Amino acid sequence: MLKYFSAITLAVAVATPALAFEPKRPVEFVVTSGPGGGTDIFARTVQAIITKHELIGTSVVVTNKGGGSGAEGFVYAAGYKGDPYKLTFGTNNEYLLPSVAAVPYKPEDLTPIAAMALDEFLIWVNGKSELADAAAFVEAAKAKPGSIQFGGSQSKDTDQILVSSLAEAVGAEFRYIPFKSGGEATTQLAGGHIDANVNNPNENRGQWQAGMVKPLCVFRPDRFPQSDAVHDGKGWHDIPTCKEAGIPLENYRMPRTVWLPAGVDKDVVAFYRDVLKKVSETPEWQEYLTKTSLTGQFMVGDEFQGYIEKDKATVSEVLKREGWLIK
């Protein structure tokens, strides 16, 4: 009889694989921006959905480390090699920052987990501007080189890279003025202190609703989906693409990304990818995408890595041309 039960025990042990990774203590979400920024809202939205749907069997704590254009957060996370409890939220700044600034981490110090959405970029002008469309905007820039002041978040970062790409594409010259955030660039544009910015939809939505700023075109392959009117009977779908407006720069987007420290086990990566995939399939996530006018695109593995390599190659051309690339 003892031999019989031993055989059953052995069979069960063989048939039941070891449990994959599951968090046993609180998970830290490291946010590479200050409170209230786009990355912060992204991370806290994911946190709220995970908590509501009980997708992780432990608590999630959000920590903001946005200094140095996000470098503070990446350096912090990179210092926890192999730690499965440090999930870092950022953009393409994870792999672009080391190219333009002397930061104490390398892109390889973090493990790519997923890209969950794409931020769109638009050309915005003051609501009282006489420039009615993107074609007129470009012509005005060409007529008086350097006269149009473009505001943006940070220097040598996503916004300035886009302004440089736009200038190269249309053969114009712009004056770029860096601010601490997209929110500050919005305030400056609404107040008439600068002529334009390239903010994301969510950063300028409130000012557009109030008629203080207006969009000229969006850098995406096709128009936004149909939506409710935002201002003067017009919604996001009514904004022409920049390609429609004659600007030979069809697509410029920024991914919302999630990372773990280097050296984590494969089952840890698989666990978090599964959790984030479930997050992306919830009604709350779809509501977040609609509210912020983000484009939902969940990427992991080879697809995400391919996106990273293509993005780095495209941006590197701009960095080389501008002389920003650190050698």
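Residues numbered from 1 in each chain as written. Predicted model: local features only at pLDDT ≥ 70, side-chain atom pairs only at ≥ 80, totals over all residues. Heavy atoms only, no water.

- In the annotation of an unreviewed UniProt entry, the protein chain is listed under the name Tripartite-type tricarboxylate transporter receptor subunit TctC and assigned to Rhizobium binae.

Notes on the sheet that holds strand S11 (residues 295-299)
- Pairing is mixed in the open sheet, where six strands are placed in the order S2-S1-S3-S10-S4-S11. Edge positions in the sheet fall to strand S2 (60-64) and S11, since each of these pairs with one other strand and no more. Neighbour-to-neighbour, the strand axes of the sheet open up by a mean angle of 20°, direction not taken into account.
- As paired elements, strand S3 (residues 86-90) and strand S10 (residues 253-261) share three bridges and run antiparallel to each other. Bridging from a neighbouring strand, Thr88 pairs with Trp259 of S10.
- Contacts from helix H2 (residues 38-53) reach strand S1 (27-31), S2, S3, strand S4 (110-120) and S10, with the element oriented near 175° to S2. (Pairing = 2+ DSSP bridges. Helix = DSSP H or I, 4+ residues; strand = E, 2+ residues; numbered from the N terminus. Axes fitted to C-alpha atoms, helices over the stretch in contact; angles between N-to-C directions. Contact = heavy atoms within 4.5 Å.)

Digging into the confidence of the model for the protein chain
- With 94% of its residues at a pLDDT of 70 or more, the protein chain shows a mean pLDDT of 92.
- For the stretch residues 1-17, pLDDT sits under 50, and the model shows zero contacts to residues farther than four places along the chain or on other chains. (pLDDT = per-residue confidence, 0-100.)

What about the pattern of salt bridges?
- This structure, assessed with the given rule, holds 14 salt bridges.
- Across the pair Glu250 and Lys243 runs a salt bridge whose closest N-O atoms are separated by 3.6 Å.
- Where salt bridges share partners, they join Glu120, Arg220, Asp222 and Arg253 into one cluster. (Salt bridge = Lys/Arg side-chain N within 4 Å of Asp/Glu carboxyl O.)

Regarding the environment of Glu72
- Here Glu72 lies in helix H3 (residues 71-78).
- Glu72 has contacts with Lys65, Gly66 and Gly67, leaving out every residue within four places of it along the chain.

A few points about the state of the cysteines
- Across all of its chains, the model carries one disulfide by this definition.
- A sulfur-sulfur separation of 2.1 Å characterises the disulfide bridge that pairs Cys217 with Cys242. Measuring the twist about the S-S bond at about 85°, one finds the Cys217-Cys242 disulfide to be right-handed. Of the two residues, Cys217 is situated in strand S9 (residues 213-218) and Cys242 in the loop between S9 and S10; the sequence distance between them amounts to 25 residues. (Disulfide = S-S within 2.5 Å.)

Looking at the packing of helix H4 (residues 93-100) against helix H11 (residues 301-322)
- As a packed pair, H4 and H11 sit with axes 10 Å apart at the nearest point and diverge in direction by 30°. Comparing their axes, H11 and H4 come out roughly parallel. The hand of the H4/H11 crossing is right-handed. Judged by residue contacts, Tyr95, Leu96, Ser99 and Val100 of H4 engage Tyr307, Ile308, Asp311, Lys312, Val315 and Leu319 from H11.
- Partitioned by chemical class, the residues of the contact of H4 with H11 number seven nonpolar, one polar and two charged. (Parallel < 35°, antiparallel > 145°, perpendicular 65-115°, else oblique. Left-handed = near helix turned anticlockwise from the far one by under 90°. Nonpolar A, V, L, I, M, F, W, Y, C, P; charged D, E, K, R; others polar.)

Looking at the nonpolar core
- Among the nonpolar cores identified, the biggest contains 49 residues, and Ile123, Phe137, Phe150, Leu166, Phe174, Phe219 and Ile247 are the most heavily contacted of them.
- The element that contributes the greatest number of residues to this core is helix H6 (residues 158-170), accounting for six residues.
- Once you skip the residues sitting within four places of it in the chain, Leu166 turns out to touch Ile123, Phe150, Phe174, Phe219, Ile247 and Leu249.
- Grouped together as the second largest cluster of nonpolar side chains are 33 residues, Phe29, Ala43, Val264 and Tyr272 included. (Core = buried A, V, L, I, M, F, W, Y, C linked by side-chain atoms within 4.5 Å. Buried < 20%, exposed > 50% of the residue type's maximum accessible area, 1.4 Å probe, protein only.)

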